[in-house]
Amino acid sequence: MLISGKTIANHIIDSITTRVHNLYTDKGVQPHLVVIQVGTNPGSSSYIAQKRKSAEKIGAALSHYHLPENVTQKELLETMDYLQHKTEEPVHGMLVQLPLPSHIDRDAVIAAIDPEKDVDGFTANSPYHVPVGDAVMYILATIWQIETQESRDEALYPLDERISTWLTGKKILVIGQGFTAGAPITRTLISLGFHPETMDEHTMHPEELIKNADVIVSCVGKKKIITSSMIKKDAILIGVGMNKDEEGDLFADYDVLDIEKVAKYFTPVPGGVGPVNIACLMQNLVTSAEKAAK
Ligand code: GUN
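Per chain, residues are indexed from 1 in the order of the written sequence. The predicted origin of the model limits local features to residues at a pLDDT of at least 70 and limits the giving and counting of side-chain atom pairs to 80 or more, whereas totals for whole chains, interfaces and linings rest on all residues. Side-chain figures throughout are based on the complete set of non-hydrogen atoms in the structure, without hydrogens or water.

Trainee: Looking at this structure, how should I read the overall build of the protein chain?
Mentor: Strands are runs of DSSP state E lasting at least two residues, helices are runs of H or I lasting at least four, and both sets are numbered from the N terminus onward. Scanning the protein chain from N- to C-terminus turns up 10 helices and 10 strands. As a reference, a globule follows 2.2 Å times the number of residues to the power 0.38, and the radius of gyration itself is taken over C-alpha atoms. Here the C-alpha radius of gyration of the protein chain, 19 Å, is about what a compact globule of 294 residues would show, namely 19 Å. Each of the three principal axes of the protein chain carries a C-alpha extent, and together these read 55 × 45 × 35 Å. Counting over 294 residues, the protein chain shows a buried share of 49%. Residue contacts follow a heavy-atom distance rule, with two residues in contact if any of their heavy atoms lie within 4.5 Å. Long-range contacts, defined here as pairs at least 24 residues apart, represent 68% of the contacts in the protein chain between residues at least 6 apart. A 1.4 Å probe rolled over the protein chains alone gives each residue an accessible area, and that area as a share of the maximum for its type sets the label: buried under 20%, exposed over 50%, partly exposed in between.

Trainee: Help me understand the site of the ligand, please; the structure alone is not making it clear to me.
Mentor: All residues adjacent to the ligand are Y47, L95, V96, Q97, L98, D120, F122 and T180. The contact in question runs from a nitrogen atom of the ligand to an N or O atom on the backbone of L98, over 2.8 Å. What qualifies as a polar contact is a pair of N or O atoms within 3.5 Å, subject to a donor-acceptor requirement within protein and to the restriction that residues adjacent in sequence count only when both atoms come from side chains. A distance of 2.7 Å separates a nitrogen atom of the ligand from a polar side-chain atom of D120. Using a 1.4 Å probe, the Shrake-Rupley method yields the accessible areas, and only the shown protein chains count as cover for residues. Calculation on the ligand without its partners gives an accessible area of 280 Å², and the protein chains cover 86% of this total. Note on residue classes: Ala, Val, Leu, Ile, Met, Phe, Trp, Tyr, Cys and Pro are nonpolar, Asp, Glu, Lys and Arg are charged, and everything else, Gly too, is polar. A breakdown of the residues in the shell around the ligand according to their chemical character gives 5 nonpolar, 2 polar and 1 charged. If a single non-hydrogen atom of a residue is within 4 Å of a molecule or strand, that residue counts as near it.

Trainee: Looking at this model, I keep getting lost on the pairing of strand β1 (residues 32-38). Mind explaining?
Mentor: Looking along a regular strand, one sees the side chains alternate between the two faces of the sheet. Counting buried positions along β1 yields 7 of 7 residues, so the element is predominantly enclosed. Neither face of β1 is left uncovered, since the one carrying H32, V34, I36 and V38 and the one carrying L33, V35 and Q37 both have all their residues buried. At least two bridges found by DSSP between two strands are what make those strands a pair. With 7 bridges connecting them, β1 and strand β2 (residues 61-67) associate as parallel partners. Counted as the bridge partner of V35 is H64 from β2. When the strands point away from the viewer, a crossover counts as right-handed if the route from the first strand across the helix to the second turns clockwise. You can see the chain leave β1, run along helix α2 (residues 42-58) and come back into β2, and the turn it takes is right-handed.

Trainee: Please explain the side chain of Q97 as it appears in this structure.
Mentor: Tracing the backbone through its elements, the reader meets Q97 in the loop between β3 (93-96) and α4 (106-111). Of note is the side chain of Q97, whose polar atom sits 2.8 Å from the side chain of K51. Contact partners of Q97, with chain neighbours within four places excluded, come to I36, S44, Y47, I48 and K51.

Trainee: How should I be thinking about α2 in this particular structure?
Mentor: Given 3.6 residues to a turn, an α-helix orients residues that are three or four positions apart in the same direction. Given a helix with a known number of residues, its expected span is that number minus one, times 1.5 Å. Compared with the 24 Å implied by 1.5 Å per residue over 17 residues, the 25 Å span of α2 between its first and last C-alpha is a close match. Among the residues making up α2, those that are buried are S44, I48, K51, S54, A55 and I58. For α2, the arc enclosing every buried residue in end-on projection is 120°, short of the 170-degree limit, so these residues lie on one face. Turned more than 90 degrees off the buried face of α2, the exposed positions are P42, K53, E56 and K57. Contacts from the buried residues of α2 go to α1 (5-27), β1, β2, β3 and α10 (273-293). Capping the start of α2, N41 holds a side-chain oxygen 2.9 Å from the backbone nitrogen of G43, two or three residues further along. Note on α2: the residue one or two positions beyond its end, G59, has a positive phi of about 90°. Within this analysis, the arc is defined by the directions that extend from the helix axis to the C-beta atoms.

Trainee: What should I look at first to understand the pairing of β3 in this one?
Mentor: The alternating pattern of β3 places G93 and L95 and M94 and V96 on opposite faces, both of which are buried. Across 4 bridges, β1 lies against β3 in parallel orientation. Of the residues in β3, the one forming a bridge with V35 is L95.

Trainee: Would you take a moment to explain the packing of aromatic side chains for this structure?
Mentor: One pair of aromatic rings is described through two measures. These are the centre distance and the angle between the planes. In this analysis, rings of Phe, Tyr and Trp, with Trp reduced to its six-membered ring, are considered paired at centre separations within 6.5 Å, and the interplanar angle assigns stacked below 30 degrees, edge-to-face beyond 60, and tilted for intermediate values. Summed over all chains, the structure comprises 1 aromatic pair. Ring centres of F122 and F179 lie 5.1 Å apart, and the angle between their planes is 55°; on these two criteria the pair is classed as tilted. Of this pair, F122 sits in the loop between α4 and α5 (131-148) while F179 sits in the loop between β4 (172-175) and α7 (182-191), and the two are 57 residues apart along the sequence. Owing to a relative accessible area of 28%, F179 belongs among the partly exposed residues under this scheme. Cation over ring: R106 sits above F179, and NZ or CZ is 3.7 Å from the ring centre. Look at NZ for Lys and CZ for Arg. If either is within 6 Å of the ring centre and within 35 degrees of the ring normal, a charge sits over the ring.

Trainee: Could you clarify how one ought to interpret the sheet that holds β2 in this entry?
Mentor: One key point about sheets: their strands pair by backbone hydrogen bonds, in either a parallel or an antiparallel sense. The parallel open sheet is built from 3 strands, whose spatial order is β2-β1-β3. Strands at the two margins of the open sheet, each flanked by one partner only, are β2 and β3. Averaged over all pairs of adjacent strands, the angle between strand axes in this sheet comes to 15°, irrespective of strand direction. To define axes, lines are fitted to C-alpha atoms, for helices over the stretch in contact only, and angles between the resulting N-to-C directions are given on a 0 to 180 degree scale. Packed onto the sheet, α2 meets β1, β2 and β3 and runs at close to 160° relative to β2.

Trainee: Whenever I open this one, unusual backbone geometry confuses me. Can you help?
Mentor: Among all residues except glycine, the phi angle is most often negative; among peptide bonds, the trans geometry is most common. Geometrically, the link from L98 to P99 is a cis peptide bond, its omega value of 5° lying close to zero. As for its placement among the helices and strands, P99 is situated in the loop between β3 and α4. Residue P270 follows V269 across a cis peptide bond; omega there is 0°. Tracing the sequence through the fold places P270 in the loop between β10 (265-266) and α10. Positive phi outside glycine occurs at H205, with the angle close to 50°. Residue position: H205 is located in the loop between β5 (197-199) and α8 (206-212).

Encoded structure:
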């Protein structure tokens, strides 16, 4: 069964749109996200376009600063400092779209984000959950609901004890441990008390791990890295990795028409984790604006 991320995302978007409306009516505050882009990574431009669309939908403001590929680290850090601390207009969230050009130290850039504005949840002291980790949890909660036919008030932040128990009985595998997806998803699962297995290009016997997993979260970004013959019957497959081929066409870690023969639940790419991820980012932004308005 295909699990639509768009439906889950719309549910989150509806609930935060109400919060944005109330914040504006009660306190005159509009949530404001600053997005900094460096260089010309084509993936970054399309991610940012989606963030803008989502911000518009909920009634938040998004300012996009596009710096040239050859900007120095010092200039980037100065721009970030200015936008976070020296403008009249309040900024409730700031993110620097990754990847960055190789001459820039990613960790130094992330560390320069004020934790209260770090709606990506990447800095050590950020009060926010990493959106992609939340997105995976929302998707699992939705699957739990379909599988058990139990009712919940809303498909919002999951861990209801019943979902925990259901998930604790399953072998979870996170494939790929990259900075923006695999690693934070693993951290989210561990912080919630689960014991996911992880896999990267150095893992020995990857076939065995994949075949034994009940839940696979695939964050690789390589075409058809998972096929129906590799997975367990009735596995749950959540696709995060995606990339573009030479023709510019988007592809995912698996082909839905192939894995649907064996997997019981799976998310499409695009239209799966992506929209839920962006809705969760907006949710963090709204929470930050609410805190600032108190
Ligand atoms: N590039 C790909 N995913 C992300 C993300 O979640 N945050 C940022 N800042 N850059 C990304």
